[in-house]
Amino acid sequence: AGITSHAHPRPHQALAFVTHSLAWGSFRAISSSITLASASSVGDLPTALNEGGKGGTCRSFSGVPLHSDSNSNNMVDPSKGSDAAVSSWRQRITLLTQKEAQAIDEELMGTPGFTVDQLMELAGLSVASAIHDFLAQPTRSASILILCGPGNNGGDGLVAARHLYHFGYRPVVVYPKRPARPLFTNLVKQCEDLGIHVGGDMPEDIEANFDCVVDALFGFGTAGPLRAPFGEMMQVLSKLTTPIVSVDIPSGWDVEAGDLYGTGFTPDALVSLTAPKKCAALFRGRHYLGGRFVPPGLQHQYGLDALPAYPGTCQCVEIEGWDEEGGDEGDKDRDGRGREDPKDRESTSRGRPSASPASALTPASTPEFVVVWITAPDAKEASALAERLVESDLAACVNIVPRVDSVYKWEGKVERNGEVLLMAKTRASLVPELSAFVTKHHSYDVPETIAAGIVGGGPEYLKWVRESTREPADGRDTG
Ligand SMILES: NC(=O)C1=CN([C@@H]2O[C@H](COP(=O)(O)OP(=O)(O)OC[C@H]3O[C@@H](n4cnc5c(N)ncnc54)[C@H](OP(=O)(O)O)[C@@H]3O)[C@@H](O)[C@H]2O)[C@@H](O)CC1
Ligand SMILES: [K+]
């Protein structure tokens, strides 16, 4: 490659080749919440990372409410996708009481004539899709422990186990109390035919052996504190650090009042089916909506018109911003019924790391900003490059670390060089231009430029980064 004036061309050359895939790949990996409006901008993702967004799997979406009177087929108008909707979801969405959730279930099986098998199949598929999105695992080889309860919530778990197997994951099911009805015995048989282990006891050392736990123990049919053996299972769950996804209701919680019996259980993600129940107001974490089977008439009848629309062929949709605090109105339903005292909410919501205070962090649901690392041979060149980047509005700010030691292998030998590190804060959309600019002005023929996505930061600071940088030359902007 005819690299001049520098001792170690190879590592930089190799890095430069992967710069694009690293940069764009990491955006998808860190952020599964690309809005539909910006989806076209990730069209050049490596296939393995991008495939999750295509073909009916779930994508996070901060989208538009679905109005049942729009004779909509639930398809989204991308031009209407707006982040403005995000913070007000909790405010706008009607949260169902236990009675309402049960009534909708009955109505679905009444006039539209759905069978429970049909609904459960779609519910379980939604759950599996949401778990795939939640895990954001490009390899999809994660082990998933699925805990199934004695009712239909447990049935959703069994269906999800089957779909997760077909998605390429490794599910294991724990199903301590199995109803003798054919619906459930068939679901178990379908799992076992695929080689999915369906046992009765909690496995040992869950944290070491599983990447994710699915809580499909109890849904909207729960009443009172959980009886054995489920109370004990919840104690185990409450202490796990493994990410937990709850189906429809965090098990052990009261459908309306939340963690009424003090289980201390706080799942990391919740997949509400049909519509969130009242207890969802007390949940903080990633919140998905699934169960794409409610006809517009029923939706309207139960005041569910403000639910987000399912994008494209997705079986679930993420209701973004659910874990944001400061929703003064957020825990009310639209009719103002059954409001909680915010103090109660404070004591019940246990705040996992995902629940960042909005005042300190702006969760970057799309990777609008990045830090680009650039190495330079000496302080003089680093300083000149930093100034050029800022002058040309390709970076808002560049920090210069005066000395880093770079260790690499060159012609079979381990080498070590002192270098200067630049850390440029900029828009993700400017990475290709910044990279080309650095290459043009750098003394290495193939300098290192590696971008890492920023997942949060002070709102004012990030605003300043946006204002201090320019639009990309071709007008494309992932922000
Ligand atoms: N339209 C939709 O949205 C759809 C929803 N679907 C799904 O169905 C779920 C609701 O299902 P569900 O009605 O079967 O209730 P669920 O909570 O799973 O279990 C009830 C079981 O638990 C038991 N039990 C109760 N309390 C207990 C306690 N304290 N301690 C111990 N056990 C207790 C109770 O026993 P029982 O008290 O009656 O003896 C009964 O056996 C819903 O959340 C969603 O996931 C989809 O499948 C289809 C479409
Ligand atoms: K559950």
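Computed from a predicted structure; not experimentally measured. Residue positions are given per chain, counting from 1 as you read along its sequence in written order. All chains are assigned letters beginning at A, and all ligands numbers beginning at 1, according to the order in which they are written. Local features in a predicted model are, by the rule used here, given only for residues with pLDDT of at least 70; side-chain atom pairs are given and counted only at 80 or more, and totals for whole chains, interfaces and linings are based on all residues. Excluding hydrogens and water, the side-chain figures rest on all heavy atoms present in the structure.

Draft legend 1. Quick look at the overall build of the chain. Per the secondary structure count, the chain includes 14 helices and 13 strands. Working rule for contacts: check all heavy atoms of both residues, and any pair within 4.5 Å makes them a contact. Restricting the contact set of the chain to residue pairs at least 6 apart, pairs at least 24 apart contribute 77%. About 20500 Å² of surface is accessible on the chain, with carbon and sulfur atoms providing 54% of the total. Numbering of helices and strands runs from the N terminus; a helix is a DSSP stretch of H or I covering at least four residues, while a strand is a stretch of E covering at least two. Surface exposure here means Shrake-Rupley accessible area, sampled with a 1.4 Å probe, where a residue is shielded only by the protein chains that are shown.

Draft legend 2. A look at the nonpolar core. In plain words, nonpolar cores are sets of buried Ala, Val, Leu, Ile, Met, Phe, Trp, Tyr and Cys residues tied together by side-chain atoms within 4.5 Å. Three labels apply to residues, based on accessible area from a 1.4 Å probe with only protein chains included: buried if under 20% of the type maximum, exposed if over 50%, partly exposed otherwise in between. Ranked by internal contacts, the top residues of the largest apolar core, which has 84 residues, are Ile144, Leu147, Val173 and Leu237. Sort the elements by how many residues they give to this core and helix H5 (residues 116–135) lands first, with ten residues. What Leu147 contacts, discounting residues up to four positions off in sequence, is Val174, Met202, Val213, Val214, Asp215, Ala216, Leu217, Met233 and Leu237. By size, the runner-up hydrophobic cluster in this structure holds 21 residues, among which are Ala395, Val398, Leu434 and Ala451.

Draft legend 3. A look at the sheet that holds strand S13 (residues 449–453). If DSSP finds at least two bridges between two strands, the strands pair. Taken together, four strands build an open sheet; the order of strands is S11-S12-S10-S13 and the sheet is antiparallel. Looking along the sheet, the strands with just one partner apiece sit at the ends: strand S11 (397–410) and S13. With strand direction ignored, the average angle separating the axes of adjacent strands in the sheet is 30°. Only the stretch in contact is used when fitting a helix axis, every axis being a line fitted to C-alpha atoms; angles between N-to-C directions are given from 0 to 180 degrees. Across the sheet, helix H13 (residues 431–441) touches strand S10 (369–376), strand S12 (413–427) and S13, and the angle it forms with S10 is around 15°.

Draft legend 4. Spatial organisation of the packing of aromatic side chains. Side-chain rings of Phe, Tyr and Trp (the six-membered ring for Trp) are treated as a pair once their centres are within 6.5 Å; stacked means planes under 30 degrees apart, edge-to-face means over 60, and tilted covers the remaining angles. Under the definition given, this model contains two aromatic pairs. Between Phe218 and Phe230, the ring centres sit 4.9 Å apart and the planes meet at 85°, which makes this aromatic pair edge-to-face. Here Phe218, found in the loop between strand S5 (212–216) and helix H9 (230–239), pairs with Phe230, found in helix H9; they are twelve residues apart in sequence, far enough to count as distant. Here Phe218 matches Phe230 in class, with each residue buried.

Draft legend 5. How the structure looks around the pattern of salt bridges. Salt bridge, as applied in this entry: a Lys or Arg side-chain nitrogen positioned within 4 Å of an Asp or Glu carboxyl oxygen. Scanning the entire structure with this criterion turns up eleven salt bridges. For Glu368, the salt bridge is made with Arg466, and the minimal N-O distance between the two is 2.7 Å. With a gap of 98 residues between them, Glu368 in the loop between helix H11 (342–348) and S10 and Arg466 in helix H14 (residues 459–467) connect regions that are remote in the sequence. The class of Glu368 is buried, set by a relative accessible area of 17%. Residue class for Arg466 comes out partly exposed when judged on its relative accessible area of 33%.

Draft legend 6. Examining the coordination of the potassium ion (ligand 2) more closely. Shown as donors are all N, O and S atoms within 2.8 Å of a metal ion, widened to 3.2 Å for Na, K and Ca; because water is not in the atom set, sites may appear incomplete. Each protein donor to the potassium ion (ligand 2) is listed here as Asn153 (OD1), Asp215 (O), Phe218 (O), Val247 (O), Ile249 (O) and Ser251 (OG); together their distances run 2.6 to 3.0 Å. Here the potassium ion (ligand 2) binds six donor atoms, and the angle range of 71 to 165° at the metal identifies the geometry as irregular. One chain supplies every donor to the potassium ion (ligand 2), and in sequence these donors are spaced N-x61-D-x2-F-x28-V-x1-I-x1-S. Placement of Phe218 in the loop between S5 and H9 and of Ile249 in the loop between strand S6 (244–247) and strand S7 (269–273) is noted, with a sequence separation of 31 residues between them. Any site counts as irregular unless it has four donors with all angles between 85 and 135 degrees, making it tetrahedral, or four or six donors with opposite ones more than 155 degrees apart and the rest between 65 and 115, making it square planar or octahedral.

Draft legend 7. Quick look at the site of ligand 1. The cutoff for a nearby residue is simple: one of its non-hydrogen atoms must lie within 4 Å of the molecule or strand. Close to ligand 1 lie 24 residues, the nearest being Asp105, Asp156, Gly219, Ala223 and Asp248. Under this definition, polar contacts are N or O atom pairs within 3.5 Å; protein pairs additionally need one hydrogen-donor-capable and one acceptor-capable atom, and for neighbouring residues in sequence, both atoms have to be side-chain atoms. Note that an oxygen atom of ligand 1 is positioned 2.6 Å from one of the backbone N or O atoms of Gly219. For ligand 1, an oxygen atom lies 3.1 Å from a polar atom in the backbone of Gly221. Coverage of ligand 1 by the protein chains reaches 80% of its 940 Å² of free accessible surface. Of all the secondary structure elements, the ones that give two or more residues to the shell around ligand 1 are helix H4 (98–110), H5 and helix H6 (152–167). Residue composition of the shell around ligand 1, grouped by class: twelve nonpolar, eight polar and four charged. Each residue is assigned to one of three groups, with Ala, Val, Leu, Ile, Met, Phe, Trp, Tyr, Cys and Pro labelled nonpolar, Asp, Glu, Lys and Arg labelled charged, and all others, Gly among them, labelled polar.

Draft legend 8. The arrangement of the confidence of the model for the chain in detail. On a scale of 0 to 100, pLDDT captures the predictor's confidence in every residue. Across the chain, the average pLDDT comes to 76, with 70% of residues at 70 or higher. Note that pLDDT drops below 50 for residues 59–87; the model gives that stretch 78 contacts with residues more than four away or on any other chain. Counting contacts from residues 326–365, a segment whose pLDDT is below 50, to residues more than four positions away or on other chains yields 73 contacts.

Draft legend 9. View of the layout of surface pockets. Residues are said to line a cavity or pocket when one of their atoms sits within 4 Å of a point; the points come from a 1 Å grid over protein atoms alone, cavities being sets where a 1.4 Å probe fits but cannot get out and pockets being open sets with protein on both sides within 12 Å along at least five of seven lines. Grid points are joined across faces, edges and corners, and a volume is the space filled by probe spheres set on the points. If you add up the space inside the second largest pocket, you get close to 670 Å³. Taken together, 34 residues make up the lining of the second largest pocket; nearest its centre are Asn152, Asn153, Gly219, Phe220 and Gly221. Elements with a contribution of two residues or more to the lining of the second largest pocket: H4, H5 and H6. The element best represented in the lining of the second largest pocket is H4, accounting for six residues. Of the residues assigned to the lining of the second largest pocket, the class counts are 20 nonpolar, eight polar and six charged.

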